[in-house]
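# Commentary on secondary and tertiary structure
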Amino acid sequence: MVPPDLVDKVLGALDPAGVVDLAAALVRINSVFDPEAGTSEQEAAEFVARWAERQGFAVAVEEAAPRRPNVLVTLAGSPGGDRTLMFEGHTDVVTPGDPAAWTHPPFSAAIVGRRMFGRGTNDTKGNLAAMLCAMAAIRRAGVPLHGDILGGVLCDEEGAMTGVQDFIRRGHADRVSAAVICEPQDGLLCTSQKGAVRARFTVTGRMCHGAMPLSGLNPAPAVAEILRGLEELEEEACRTLGRDPDLNWPSFTPTVIQAPPEGPAQLNVVPGRAVVLVDVRTIPRQSHPAIVERLRRLAEETRRRVGQATRERDRRRGVTRDPEPGVAVEILSDRPCTQTDRGDPVVRAAAWATRAVTGREPAYGGVPGATDGTFLAAWKGIPIVTLGAGDREVPHQVDEWVDLDQLVETARIYALTALAYLGSPQP
Ligand SMILES: [Zn+2]
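What you are looking at is a predicted structure, and each value in this text was computed from that prediction instead of being measured.

### Comments concerning the overall build of the protein chain
- Within the protein chain, the secondary structure is distributed over ten helices and 18 strands.
- Considering only C-alpha atoms, the protein chain reaches an extent of 90 × 50 × 40 Å along its principal axes.
- Within the protein chain, the fraction of its 427 residues that count as buried is 47%.
- Contacts in the protein chain between residues at least 24 apart in sequence constitute 80% of all its contacts with a sequence separation of at least 6.

### What to know about unusual backbone geometry
- A cis amide bond, omega -5 degrees, links Asp123 with the succeeding residue Thr124.
- Summarising the element assignment, Thr124 is placed in helix H4 (residues 121-141).

### Some remarks on the packing of helix H2 (residues 16-27) against helix H10 (residues 404-422)
- Direction vectors running N to C along H2 and H10 enclose 110 degrees, while the axes themselves pass 9 Å from each other. Comparing the axis directions of H2 and H10 gives the class roughly perpendicular. The two elements H2 and H10 meet at a crossing, and its hand is right-handed. Residue-level contacts link Pro16, Val19, Val20 and Ala23 of H2 to Leu404, Leu407, Val408 and Ala411 of H10.

### Considerations on the domain arrangement of the protein chain
- According to the domain assignment, the protein chain contains domain 1 (4-193 + 337-422) and domain 2 (195-335).
- Each of domain 1 and domain 2 has a C-alpha centre, and the two are 40 Å apart.
- Every contact between the two is made by nine residues of domain 1 and, on the other side, ten residues of domain 2.
- Here the side of domain 1 that touches domain 2 takes three residues from strand E16 (residues 364-367), the largest share from any one element.
- Counted by class, the side of domain 1 that touches domain 2 contains four nonpolar, five polar and no charged residues.

### Let's talk about the sheet that holds strand E11 (residues 251-258)
- Spatial strand order, E11-E13-E9-E14: four strands in an open sheet with antiparallel pairing. Of all the strands in the sheet, the pair left with one neighbour each is E11 and strand E14 (326-335). Here the strands of the sheet are splayed against their neighbours by 20 degrees on average, with no regard to which way each runs.
- As paired elements, strand E9 (residues 195-204) and strand E13 (residues 273-282) share ten bridges and run antiparallel to each other. In the sheet register, Val203 faces E13, and the bridge partner there is Ala274.
- Together, E9, E13 and E14 form the strand contacts of helix H7 (residues 288-317), whose direction differs from that of E14 by roughly 165 degrees.

### Details of helix H6 (residues 220-241)
- Here H6 is 22 residues long and its end C-alpha atoms lie 32 Å apart, about the 32 Å a rise of 1.5 Å per residue gives.
- Residues of H6 that are buried: Ala222, Val223, Glu225, Ile226, Gly229, Leu230, Leu233 and Ala237. For H6, the arc enclosing every buried residue in end-on projection is 155 degrees, short of the 170-degree limit, so these residues lie on one face. Facing away from the buried surface of H6 by more than 90 degrees, the exposed residues are Ala224, Arg228, Glu231, Glu235 and Arg239.
- The secondary structure elements touched by the buried residues of H6 are E9, E11, E13, H7 and E14.
- Looking one or two residues past H6, Gly242 carries a phi angle of roughly 75 degrees, positive in sign.

### A look at helix H8 (residues 345-358)
- Over its 14 residues, H8 runs 20 Å from end to end, which matches the ideal 20 Å to within 8%, given 1.5 Å per residue.
- Along H8, the residues classified as buried are Val346, Val347, Ala349, Ala350, Ala351, Ala353, Thr354 and Val357.
- Summarising the contacts, the buried residues of H8 are in contact with strand E7 (178-181), strand E8 (189-193), strand E17 (384-386) and H10.
- At the C-terminal side of H8, Gly359 shows a positive phi close to 75 degrees.

### Focus on the environment of Pro261
- With respect to the helices, strands and loops of the structure, Pro261 is situated in the loop between E11 and strand E12 (269-270).
- Classification of Pro261 as partly exposed rests on a count of 18 C-beta atoms within 10 Å.
- Spatially, the C-alpha atoms of Pro261 and Gln397 are 28 Å apart, while their sequence positions differ by 136 residues.

### As for the sheet that holds strand E5 (residues 115-117)
- Judged by pairing direction, the sheet is antiparallel, and its three strands sit side by side in the order E4-E5-E18 without closing on themselves. Each of the sheet's edge strands pairs with one partner strand only, and the pair in question is strand E4 (110-112) and strand E18 (401-403). Neighbouring strand axes in the sheet, compared pairwise and without regard to direction, differ in orientation by 25 degrees on average.
- In this sheet, E5 lies alongside E4 in antiparallel orientation, the contact comprising three bridges. Looking at the pairing, Ile111 lines up with Met116 of E5.
- Those strands touched by H10 are E5 and E18, and its axis lies near 65 degrees from that of E18.

### A closer look at the pairing of E8
- Across the five residues of E8, five count as buried, placing the element largely inside the fold.
- Pairing analysis gives four bridges linking E8 to E16, with the strands arranged parallel. Bridged to Ser192 within E16 is Gly366.

### Here's the deal with the nonpolar core
- Counting 90 residues, the largest nonpolar core has Ala130, Leu132, Cys133, Ala134, Ile138 and Ala415 as its most contacted members.
- The leading source of residues in this core is H10, at 13 residues.

Thresholds applied
- Residues numbered from 1 in each chain as written.
- Predicted model: local features only at pLDDT ≥ 70, side-chain atom pairs only at ≥ 80, totals over all residues.
- Helix = DSSP H or I, 4+ residues; strand = E, 2+ residues; numbered from the N terminus.
- Buried ≥ 20, exposed ≤ 12 C-beta atoms within 10 Å, placed from the backbone.
- Contact = placed C-beta atoms within 7 Å.
- Axes fitted to C-alpha atoms, helices over the stretch in contact; angles between N-to-C directions.
- Parallel < 35°, antiparallel > 145°, perpendicular 65-115°, else oblique.
- Left-handed = near helix turned anticlockwise from the far one by under 90°.
- Domains from an automatic or database assignment.
- Nonpolar A, V, L, I, M, F, W, Y, C, P; charged D, E, K, R; others polar.
- Pairing = 2+ DSSP bridges.
- Expected span 1.5 Å × (residues − 1).
- Arc of directions from axis to C-beta.
- Core = buried A, V, L, I, M, F, W, Y, C linked by C-beta atoms within 7 Å.

Below, the structure is given as structure tokens:
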């Protein structure tokens, strides 16, 4: 796919210690978005911008939100190339929680043996360093590229993903023909990502004394009906769609159940309201509009069924009251499922690069959650492959770590992926 002398030239220009040093420098910058503590992605973004300028890249810094910049690092190819390969990595990290719970301080980037520990080592500052060093190696090697490489160093991946949305709104994605999403997937080539629909059910009853429950209306029976309905929806989705080989089963998971939703809960008080938060995760072929419709219908049926059952019981007991609870559902977010064909040029380039670097056949997989790539794929139809170093279950944990050999291997795979994707004139 790529002449061996070019491969040697680029891999020879990639400095393994440079990858480790850059990763450590990024981890030492606390980039948790926490307005109260005064931390954000700003300092890490500025650090990347200065580093990239020193390497000779064209660099642009754009504020996606106050103190939350995106950094765009460009390596221009030969004139006439019509592809742009984007490497995407985020600068934000999630909170370390209680620092005392960590064996090594969370922003120390301590190295023990071949592991680096710290918040962001795995998700995803290690991979961010790998993609930047891969770009630097290609630049130093001076190999011709028939297209540009765009390093998207974006903010707010762990939150509302405003960084990638800003990147798209400003038109930068228009010229991106494919993207490598640099996230910890343990070397797997991930060509699909689960989608997500998040919803809030609110049940409204009437608050009353626990000793006189018939004087109010308990929201609990409606909550039970909602939970049962979600189980049925999940069962139906699993039955009709089956298990996705990369993404596993679809799920309808009630994650938060609160009654009352605010104020103290008291044993002798029937709460006036209850909320159920639902995290629906989808696999390809599942229609999101149909799911939203089913959730609305579940709210409607719950109101009717619980009202009917309560009315009948009340009649037998001679109780008069309004027996119907209010049941509303609100869609909080809707992120589609994405899938890239394994025959797509960017997937083939990454597969070839993985083989060339590791000597092994690549293993394929799927991303269980959403990433910035979700928006690139869903809004702009950009083929994406998610690939990076780091155990897949370690993100967001205490004592987060990354294997340094795998990290350097990943930088090599990124570099050769770009060479393969942009290495020869496209027909
Ligand atoms: Zn991440």
